[in-house]
Amino acid sequence: MASTLLYRQLAVNLQQNLRLSTPSYRCISKAATKSSPDLEFDGPSMKTEVPGPRSRELTKQLDKIQNTGAINFFCNYEESRGNYLVDVDGNRMLDLYTQISSIPIGYNHPALLKVMQNPQNLSAFVNRPALGILPPENFPGNLLDALLSIAPKGLRKIQTMACGSCSNENAYKAAFIWYRCKERGNMKPTKEDLDSCLINQAPGCPEFSILSFMGGFHGRTLGCLATTHSKAVHKLDVPTFDWPIAPFPRLRYPLEEFVRENAQEEARCLEEVEDLIVKYRKKGKTVAGIVVEPIQSEGGDNHASTDFFKKLRDIAKKHGCVFHVDEVQTGGGGTGKFWAHEHWGMDDPADIVSFSKKMLTGGYFHKDELTPAEPYRIFNTWMGDPSKNLLLNEVLNVIRTENLLDEVSRAGKALMDGLHDFQGRYPHLLSAARGQGTFLAIDVRDEATRNNLIIKARNKGVVLGGCGERSIRFRPTLVFKQHHAHVFLNIFNDILAEYK
């Protein structure tokens, strides 16, 4: 009975999502001809300010039982589709933030609704297994079809998890376990190791560390917080570890005008990385791993050159450190390549690559030697969610059949061209347009103006996100196209005109 009701509801949702609209928009540049009609709305439609009265009412209700300080507004996900997010007051907004960069192919995509309709998939959504001990029959095959089909170069092992933080947290553990086993000569732990670890003492709990970078964000669990350095609110009042923190390059823009200065900045940061590894080894807190984002996202969309990452990789090899590339936000296609580190063009880019967000599930890819020899070393109850693997497999099918990475590059160029135009016309307001694909950002003159621009855009039908001290970040879906970029640019152009 329950499955029949679910099937009928999903069928209704699918029919609603198949209604076609003819998009109309005012272009600031020639729009690309669309190859197929969009299964979504023709543009934003605003009925109230955001948050509207219904959102404010719901916030008051929720505030009685939990903290609501971070809530922007309440959403009507049933009515949202494609690149458009609808709120509970009936406002329809072009979403360029997409649930903090975690919606891969838009809201209520028909292909994903069909996955839900398939009776053979219902068990995966109803019965969530403890994957570490009782996985379903189709689990190995689903991993091969989905996650391992897009494995980063040189990484053929996968450990699934539920979210970005637990992916990184367990990846750190894998690095520590591998490093300690290497020190023991791959011998079994001693009785002293086993006894001392239970009381948080060495040698069972060695004084290892993970080197991270200022401005980095890797999650909010305890180990991840020790490597997160983007905002004080994330870390305040929480005990942490004495682990090394290196400076991340602060590049000057336009890049072509500051080639020498940026090269010097990157060299300075790399020198500090190597100095910290030596310093912490002498302190008895050996650096077992280095963790880095290809683009520091939460910390302000901070970039570094391919040369910087290649040299950082070489430093990790030189000192025997695990090189962990955190692709939780950058992975999944937003940069125009499936993994942002592919832009580096390296044959051996990483020992670990962690993921989540657009991948719908969490986890990390890793080299064979980082697989613990014993069971239960990397473990929790769920170890991910098989139903998310089913959805991811269909997302990957859509990406391939619709050539969405090419679409990302085209839409990204339209968006970047517009941002460059804006900063040229409003140099007192905007600067440092940067990014890859549609994974873009631009700086605003100060934090207050940045926040005000985001609110004004939202009330005119565009959802944006902030990052760092004064940046606006753009994180649209992979089905965001050139004409969507023009819709945004027209609206934002009108907003900027108020600041002349």
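Preceding this section is the structure that the text describes.
Since this is a predicted model, take the numbers as computed values, not measurements. (Residues numbered from 1 in each chain as written. Predicted model: local features only at pLDDT ≥ 70, side-chain atom pairs only at ≥ 80, totals over all residues. Heavy atoms only, no water.)

1. Notes on the overall build of the protein
In terms of regular secondary structure, the protein is built from 16 helices and 14 strands. Relative to the compact-globule value of 23 Å for 500 residues, the protein shows a C-alpha radius of gyration of 24 Å, a close match. Seen through its C-alpha atoms, the protein measures out along the principal axes to roughly 70 × 65 × 50 Å. In the protein, which comprises 500 residues, the share counted as buried stands at 52%. Residue pairs in contact within the protein that sit at least 24 positions apart in sequence constitute 72% of those at least 6 positions apart. For the protein, the accessible surface area stands at approximately 22,900 Å², while carbon and sulfur atoms represent 53% of it. (Helix = DSSP H or I, 4+ residues; strand = E, 2+ residues; numbered from the N terminus. Rg over C-alpha atoms; globule rule 2.2 N^0.38 Å. Buried < 20%, exposed > 50% of the residue type's maximum accessible area, 1.4 Å probe, protein only. Contact = heavy atoms within 4.5 Å. Areas by Shrake-Rupley, 256 points an atom, 1.4 Å probe, with all protein chains shown as cover.)

2. What about the packing of helix α4 (residues 110-117) against helix α13 (residues 386-401)?
Following both chains from N to C, one finds α4 and α13 inclined at 145°, their axes separated by 9 Å at the closest point. Handedness of the α4/α13 crossing: right-handed. For the pair formed by α4 and α13, the contact residues are A111, L112 and V115 on the first element and L390, L391, E394, V395 and V398 on the second. (Axes fitted to C-alpha atoms, helices over the stretch in contact; angles between N-to-C directions. Left-handed = near helix turned anticlockwise from the far one by under 90°.)

3. As for the layout of surface pockets
Empty pockets left among the atoms are what a rolling probe the size of a water molecule brings to light. Estimates place the volume of the largest pocket at around 1,400 Å³. If you list the elements that add at least two residues to the lining of the largest pocket, you get α3 (98-101), α7 (164-183), α15 (447-459), β12 (462-463) and β13 (465-467). Counting residues per element, the lining of the largest pocket draws most heavily on α15, at five residues. Estimated volume of the second largest pocket: approximately 1,200 Å³. Lining the second largest pocket are 41 residues, and of these F176, I177, G204, C205 and P206 lie nearest its centre. (1 Å grid on protein atoms, 1.4 Å probe; cavity = no way out; pocket = protein on both sides within 12 Å on 5 of 7 lines; lining within 4 Å. Points joined across faces, edges and corners; volume = space filled by probe spheres on them.)

4. Notes on the sheet that holds strand β1 (residues 84-86)
Ordered in space as β1-β2-β12, the three strands form an open sheet in which the pairing is mixed. At either end of the open sheet lies a strand with only one pairing partner, and these are β1 and β12. In the packing of helix α16 (residues 482-497) onto the sheet, contacts are made with β1, β2 (92-95) and β12, and the angle to β2 comes to roughly 110°. (Pairing = 2+ DSSP bridges.)

5. Focus: the sheet that holds strand β11 (residues 439-444)
Taken in spatial order, the four strands make up an open sheet running β10-β11-β14-β13, and their pairing is antiparallel. Lying at the two open borders of the sheet, with one neighbouring strand each, are β10 (430-436) and β13. Here the average twist between neighbouring strands, direction ignored, is 30°. Of the strand pairs in this sheet, β13 and strand β14 (residues 471-474) are connected by three bridges, and their pairing is antiparallel. Bridging from a neighbouring strand, G465 pairs with R473 of β14. Against the sheet, helix α14 (residues 404-425) touches β10, β11 and β14, its axis set at about 165° to β10.

6. A short note on the nonpolar core
Core analysis: the largest hydrophobic core is formed by 70 residues, its most contacted members being F213, I290 and F365. The leading source of residues in this core is α13, at seven residues. Of all hydrophobic cores here, the second largest spans 35 residues; its members include L453, F480, V487 and F492. (Core = buried A, V, L, I, M, F, W, Y, C linked by side-chain atoms within 4.5 Å.)

7. Describing unusual backbone geometry
The residue after V50, namely P51, is reached through a cis peptide bond having omega 5°. One can find P51 in the loop between α1 (2-17) and α2 (53-63). Cis rather than trans, the peptide bond between A202 and P203 has omega equal to 5°. With respect to the secondary-structure elements, P203 resides in the loop between α8 (191-197) and β4 (209-213). Residue N186 is not a glycine yet carries a positive backbone phi of 60°. Along the chain, N186 turns up in the loop between α7 and α8.

8. A look at the pairing of β10
As paired elements, β10 and β11 share five bridges and run antiparallel to each other. Directly across from R434, in β11, lies its bridge partner A441. Count of turn residues in the β10/β11 antiparallel hairpin: two residues, of which G437 carries a positive phi of about 60°.

9. Comments concerning a nonpolar patch on the surface
A cluster of nonpolar residues, I133, L134 and Y376, forms a patch on the protein surface that exposes about 370 Å² of accessible area. In this structure, L134 sits in the loop between α5 (122-126) and α6 (139-145). Taking the relative accessible area as the measure of exposure, L134 reaches 60% and is therefore exposed. (Patch = residues over 30% accessible without salt bridge, like charges linked within 9 Å, V, L, I, M, F, W, Y side chains within 5 Å. Salt bridge = Lys/Arg side-chain N within 4 Å of Asp/Glu carboxyl O.)

10. Notes on the pattern of salt bridges
A complete count under the given rule lists 29 salt bridges for this structure. Notably, a salt bridge pairs D421 with R425, separated by 3.0 Å at the nearest N-O pair. One end of the pair is D421 and the other is R425, both in helix α14 and four residues apart, which spans about a single turn. A relative accessible area of 36% places D421 in the partly exposed class. Taken together, the shared-partner salt bridges in this structure form one network comprising R313, K317, D348, D351 and K367.

11. What about the packing of helix α11 (residues 259-282) against helix α12 (residues 306-318)?
Here α11 crosses α12 at 15°, and the two axes come no closer than 10 Å. By the angle class used here, α11 and α12 are roughly parallel. Note that α11 runs across α12; the crossing there is right-handed. Packed against α11, whose contacting residues are E266, C269, L270, V273, E274 and I277, the element α12 presents F308, K311, L312, I315 and K318 at the interface. Taken together, the residues that form the contact of α11 with α12 break down as seven nonpolar, no polar and four charged. (Parallel < 35°, antiparallel > 145°, perpendicular 65-115°, else oblique. Nonpolar A, V, L, I, M, F, W, Y, C, P; charged D, E, K, R; others polar.)

12. Examining the environment of S409
Mapped onto the secondary structure, S409 falls in helix α14. With relative accessibility at 39%, the residue S409 sits in the partly exposed group. Spatially, the C-alpha atom of S409 lies 9.7 Å from that of Q482, the residues being 73 residues apart in sequence.

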